[in-house]
Amino acid sequence: LNINANNELDKKNFSLALEIITESFNLDPLRKDTISLKDKINSDGNEFFFQTFLKEAYSLTDSSDIPNARIAFENAKKLFPNRQEISTARSYISKKSIEIDLKNLKNKLSTSLKNENWSTAKSTLLSMIKINPLDDDSINLLSRVEKLENLEKEISTIIKQPERLSSKNIRDNLSRS
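The sections below set out a description of the structure shown in this document. Just so it is clear, the structure is predicted and the values come from calculations on it, not from any experiment. (Residues numbered from 1 in each chain as written. Predicted model: local features only at pLDDT ≥ 70, side-chain atom pairs only at ≥ 80, totals over all residues. Heavy atoms only, no water.)

### Re the packing of aromatic side chains
For step 1, the next point in the chain: A complete count under the given rule lists six aromatic pairs for this structure.
For step 2, the next point in the chain: A centroid spacing of 6.5 Å and a plane angle of 35 degrees characterise the contact between F49 and F53, whose relative ring orientation is tilted. Of this pair, F49 and F53 both sit in helix α3 (residues 32-62), four residues apart, which is roughly one turn of that helix.
For step 3, the next point in the chain: A relative accessible area of 22% places F53 in the partly exposed class.
For step 4, the next point in the chain: Centre to centre, the rings of Y58 and Y92 are 5.1 Å apart; their planes meet at 50 degrees, and the pair counts as tilted. Of this pair, Y58 sits in helix α3 while Y92 is found in helix α5 (residues 84-114), placing the two residues 34 residues apart along the sequence.
For step 5, the next point in the chain: Sitting over the ring of F25, K38 keeps its end group 4.6 Å from the ring centre.
For step 6, the next point in the chain: One cation-aromatic arrangement involves R83 over F80; the distance from NZ or CZ to the ring centre is 4.7 Å. (Phe/Tyr/Trp six-rings, centres within 6.5 Å; stacked < 30°, edge-to-face > 60°. Helix = DSSP H or I, 4+ residues; strand = E, 2+ residues; numbered from the N terminus. Buried < 20%, exposed > 50% of the residue type's maximum accessible area, 1.4 Å probe, protein only. Lys NZ or Arg CZ within 6 Å of the ring centre and 35° of its normal.)

Given below as structure tokens:
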């Protein structure tokens with residue numbers, strides 16, 4: 001059984017190798033070579049899956065699939081939570097996620113500005129500033145958008161009540177004529 005388990009380990013068929021070695025272990029739990037082979041299968045399997053999950057996380061991140069990249073990352077983290085590769089991958093995924101979020105927000109902002117949808121532009125800019133509070137361009141644009149939004153509200157009020165533009169004297173003179 002140990003030879004079969006070792007053969008499966010060489011083929012990187014970790015689940016079958018573990019199944020075989022567990023059977024061998026159950027037959028003779030004191031046999032040292034069985035114990036060490038079982039430990040090696042577990043160790044090699046964990047390392048293999050850790051590397052596989054990390055590669056998958058990076059690949060998914062590069063293809064902008066952040067939700068699935070985070071799942072692959074969490075799977076790797078469960079295996080070896082304190083490894084240096086975990087903090088590196090976390091930083092990479094986080095950075096790419098922010099880049100993707102900002103790109104999507106910029107596209108939404110562009111559409112909002114073209115359509116003169118000032119409230120959407122304002123909320124989009126606020127989201128962008130929340131992500132990057134030091135972005136002077138977004139801060140300045142937010143100020144301009146807020147002015148345009150207020151101006152639009154004033155114009156809308158005037159259009160709905162045009163009598164507010166004329167003085168009482170003019171209206172009185174018109175009504176006498």
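Okay, back to it.
### Digging into the environment of K12
For step 1, the next point in the chain: Here K12 is to be found in the loop between α1 (2-10) and α2 (14-27).
For step 2, the next point in the chain: What makes K12 partly exposed here is its relative accessible area of 49%.

### Here's the deal with the environment of N117
For step 1, the next point in the chain: If you trace the backbone, N117 turns up in the loop between α5 and α6 (118-131).
For step 2, the next point in the chain: Distance in space between the C-alpha atoms of N117 and L148 is 9.9 Å, their sequence separation being 31 residues.
For step 3, the next point in the chain: Separated by 3.3 Å, the side chains of N117 and S119 make a polar contact.
For step 4, the next point in the chain: Here the side chain of N117 touches T120 through a polar contact of 3.1 Å, side chain to side chain. (Polar contact = N/O pair within 3.5 Å; in protein donor to acceptor, adjacent residues only side chain to side chain.)

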